[in-house]
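Now for the letters of each chain:
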Amino acid sequence: MATRARYKRRRVQNRAGIVWASIVVLILVTVVSIKSISLLQKANELQAREETLEEQIEYENARSEEIADFERYTQTRKYIEDTAKEKLGLVYPGEIIFKNTDN
């Protein structure tokens with residue numbers, strides 16, 4: 001009978017150990033799931049931010065190219081002539097200027 005009691009006690013202890021191990025595993029799975037969800041949300045936020053920054057980079061590169069083009073244009077004779085005509089009203093000798101009187 002003593003062996004039977006000992007066997008029964010071990011069975012109860014094994015069941016309790018299995019229950020505790022199952023609880024611990026369940027808690028670990030829950031924590032990992034919650035953390036993975038928050039990491040996925042953060043990854044999505046970072047992806048959206050990366051796309052926004054890439055758009056800004058493209059915009060700034062295009063703007064930089066426009067500035068470089070304008071810089072090259074300002075160093076030409078055509079720019080100097082256009083500026084002199086528009087801002088200073090200068091013309092070449094013998095050049096005729098027509099002004100619109102509808103305004």
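Residues numbered from 1 in each chain as written. Predicted model: local features only at pLDDT ≥ 70, side-chain atom pairs only at ≥ 80, totals over all residues. Heavy atoms only, no water.

A.B. asks: Give me the overall build of the protein chain: which residues, what numbers.
C.D. replies: Looking only at helices and strands, one finds 2 helices and 0 strands in the protein chain. Viewed in the frame of its principal axes, the protein chain has a C-alpha envelope of about 130 × 30 × 15 Å. Taking all 103 residues of the protein chain together, the buried fraction comes to 2%. Carbon and sulfur atoms make up 59% of the accessible area of the protein chain, which totals about 10,200 Å². (Helix = DSSP H or I, 4+ residues; strand = E, 2+ residues; numbered from the N terminus. Buried < 20%, exposed > 50% of the residue type's maximum accessible area, 1.4 Å probe, protein only. Areas by Shrake-Rupley, 256 points an atom, 1.4 Å probe, with all protein chains shown as cover.)

A.B. asks: Can you lay out the environment of Thr83 for me, pointing to particular residues and giving the numbers?
C.D. replies: Counting through the fold element by element, Thr83 comes out in helix α2 (residues 77-88). By relative accessible area, which is 23% here, Thr83 ends up partly exposed.

A.B. asks: Residue-level account of the pattern of salt bridges, with values.
C.D. replies: Two side chains with opposite charge may pair up if their charged atoms get near one another. Within the structure shown, the criterion is met by 6 salt bridges. Of the charged contacts, one joins Arg63 and Glu60 as a salt bridge, the two residues approaching to 3.4 Å between their closest N and O atoms. One end of the pair, Arg63, and the other, Glu60, are both in helix α1 (residues 2-74), 3 residues apart, so they sit about a helical turn from each other. Lys78 is the salt-bridge partner of Asp82, the closest N and O atoms lying 3.4 Å from each other. You can see Asp82 and its partner Lys78 sitting in helix α2, 4 residues apart, about one turn around the helix. (Salt bridge = Lys/Arg side-chain N within 4 Å of Asp/Glu carboxyl O.)

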